[in-house]
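Analysis of the macromolecular model
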Amino acid sequence: LICLDTLAPRSALGVSWIDVKEEFREFWRLGHPIILFNAFGSGFLLGSVWMLGNIQGLAAASRYQAVSNVMGVTNPAGTGIAATLQPAVARAHAIAGPRVAIREAVPYLVWVGAIVIPLLVAFTLVPRWTLLRFYGPKSPYISLVLALRLAVLAQGLALAAQLSGAILACVRQATVLSKIQIVTSTICLIAME
């Protein structure tokens, strides 16, 4: 009801529709690079599985997903720390500028590394053992040793991109980020054909 009330030029609650439109414009101005970054990233993640399934069949898509499930173990650390990194870096940028903001990010990056790097090293050094732990000895996914090692490399790059993106967004360089995501997602989808 409050949202409907704002449709009036001057609502009964004193909310100005013109002010709301201005607010949305400002949100879009500040946030559209991040929205584009997330949209293209999500499109790539979903599109890659659909493309793979259409080109190589459902068995290939399931193998891809099996390896992705193992890599998903690292996602909470990357996502969680990126979410705490952003307000700290943005605050440091607002108070003291970009150099201080980037220095503010270092402890967060160290935490991500301390959590994620040992996992990625273990997945690389003992991939068969890792796949056995995830899927059991009778699983057809046990043979995905090379795929898991390649996924480790991709996950490391993806986490670096995610954290770099979080920092860039906070130092007002998000437009660079969205352009990079659009180009890389498009190239990856074309390469999958």
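What you see is a predicted model; the values in this text were computed from it and never measured. Every chain is numbered independently, its residues counted from 1 as its sequence is written. Local features in this predicted model are restricted to residues of pLDDT 70 or higher, and side-chain atom pairs are both shown and tallied only at a pLDDT of 80 or more, whereas totals for entire chains, interfaces and linings draw on every residue. Side-chain measures were taken over the full set of non-hydrogen atoms in the model, leaving aside hydrogen atoms and water.

**Observations regarding the overall build of the protein**
Elements are defined by DSSP. Helices are runs of H or I of four residues or more, strands are runs of E of two residues or more, and each kind is numbered from the N terminus. Of regular secondary structure, the protein possesses 8 helices and 0 strands. Listed by position from the N terminus, the elements making up the protein come as α-α-α-α-α-α-α-α. The proportion of buried residues among the 193 residues of the protein is 31%. In what follows, a contact means two residues having at least one pair of non-hydrogen atoms within 4.5 Å. The long-range share in the protein, meaning contacts at least 24 apart out of those at least 6 apart in sequence, stands at 67%. When accessible area is computed with a 1.4 Å probe and restricted to protein chains, residues below 20% of their type maximum are described as buried, those above 50% as exposed, and intermediate ones as partly exposed.

**Structural notes on helix 6 (residues 127–135)**
Of the positions making up helix 6, those classed as buried are Pro-127, Thr-130 and Leu-131. Viewed along the axis of helix 6, the buried residues span an arc of 95°, placing them on a single side of the element. Just downstream of helix 6, Gly-136 is the residue with a positive phi angle, here 85°. Picture the helix axis, draw a direction to every C-beta atom, and the arc is the one those directions span.

**Describing the packing of aromatic side chains**
Aromatic pairs are defined between Phe, Tyr and Trp rings, using the six-membered ring for Trp, whenever the two ring centres lie within 6.5 Å; interplanar angles under 30 degrees are classed as stacked, those over 60 as edge-to-face, and all others as tilted. This model, assessed by the stated rule, comprises 2 aromatic pairs. Ring geometry for Phe-134 and Tyr-135: centres 6.1 Å apart, planes at 45°, overall tilted. Owing to a relative accessible area of 36%, Phe-134 belongs among the partly exposed residues under this scheme. With centroids separated by 5.2 Å and ring planes inclined at 65°, the aromatic side chains of Tyr-135 and Tyr-141 adopt a geometry described as edge-to-face.

**Things to note about the packing of helix 3 (residues 58–71) against helix 6**
Axes here refer to lines fitted to C-alpha atoms; in helices the fit is confined to the stretch in contact. Angles between the N-to-C directions go from 0 to 180 degrees. Relative to each other, helix 3 and helix 6 sit at 95°, their axes nearing to 11 Å. The angle between helix 3 and helix 6 falls in the class roughly perpendicular. Here Ala-66, Asn-69 and Val-70 of helix 3 lie close against helix 6, whose contacting residues are Thr-130, Leu-131, Phe-134 and Tyr-135. If an angle is under 35 degrees, it is roughly parallel; if it is over 145, roughly antiparallel; if it lies from 65 to 115, roughly perpendicular; otherwise it is oblique.

**Side note on the environment of Val-49**
Summarising the element assignment, Val-49 is placed in helix 2 (residues 17–56). Spatially, the C-alpha atoms of Val-49 and Ala-61 are 5.9 Å apart, while their sequence positions differ by 12 residues. When sequence neighbours within four positions are dropped, the list of residues in contact with Val-49 reads Ala-61, Tyr-64 and Gln-65.

**Observations concerning a nonpolar patch on the surface**
Patches here are clusters of residues that have more than 30% relative accessible area and form no salt bridge, with a 9 Å joining cutoff for like charges and a 5 Å cutoff for nonpolar side chains (Val, Leu, Ile, Met, Phe, Trp, Tyr). Using the Shrake-Rupley algorithm and a 1.4 Å probe, accessible areas are obtained, with residue cover drawn only from the displayed protein chains. By definition here, a salt bridge exists when the distance from a side-chain nitrogen of Lys or Arg to a carboxyl oxygen of Asp or Glu is within 4 Å. Together, Ile-117, Val-121, Leu-125, Val-126 and Trp-129 give the surface a local cluster of nonpolar side chains, amounting to about 500 Å² of exposed area. It is helix 5 (residues 98–125) that contributes the most residues to the nonpolar patch, 3 residues altogether. Tracing the backbone through its elements, the reader meets Leu-125 in helix 5.

**A closer look at the nonpolar core**
Counting 27 residues, the largest nonpolar core has Met-71, Phe-123 and Leu-148 as the members making the most contacts within it. Those elements that provide at least two residues to this core are helix 3, helix 4 (75–96), helix 5 and helix 7 (145–170). Among the elements that line this core, the one with the most residues is helix 7, at 7 residues. Not counting residues within four places of it along the chain, the set of residues in contact with Met-71 comprises Leu-120, Phe-123, Leu-148, Ala-151, Val-152 and Gln-155. Buried Ala, Val, Leu, Ile, Met, Phe, Trp, Tyr and Cys residues that are joined via side-chain atoms within 4.5 Å together make up what is termed a nonpolar core.

**Here we look at helix 5**
By this rule the span expected of a helix is its residue count minus one, scaled by 1.5 Å. Given a rise of 1.5 Å per residue, 28 residues ought to cover 40 Å, and the 38 Å separating the end C-alpha atoms of helix 5 matches this to within 8%. Its maximal kink placed at Val-116, helix 5 deviates by approximately 30°, while the proline Pro-118 follows within four residues. Among all positions in helix 5, only Ala-101, Ala-105, Val-112, Gly-113, Val-116, Leu-120 and Phe-123 are buried. Each residue is assigned a bend, namely the angle between axes fitted to the seven residues that terminate at it and the seven residues that start at it.

**Comments concerning the side chain of Thr-74**
Within the secondary structure, Thr-74 sits in the loop between helix 3 and helix 4. Accessibility expressed as a relative area gives 0% for Thr-74, which makes it buried. Polar contacts, as used here, are pairs of N or O atoms within 3.5 Å; protein pairs need one atom able to donate a hydrogen and one able to accept it. Residues neighboring in sequence count only if both atoms are side-chain atoms. Separated by 2.7 Å, the side chains of Thr-74 and Gln-155 make a polar contact. Once residues lying within four places of it in the same chain are set aside, the contact partners of Thr-74 are Val-116, Leu-119, Leu-120, Gln-155 and Leu-159.

Purely geometric numbers; function is a separate question.
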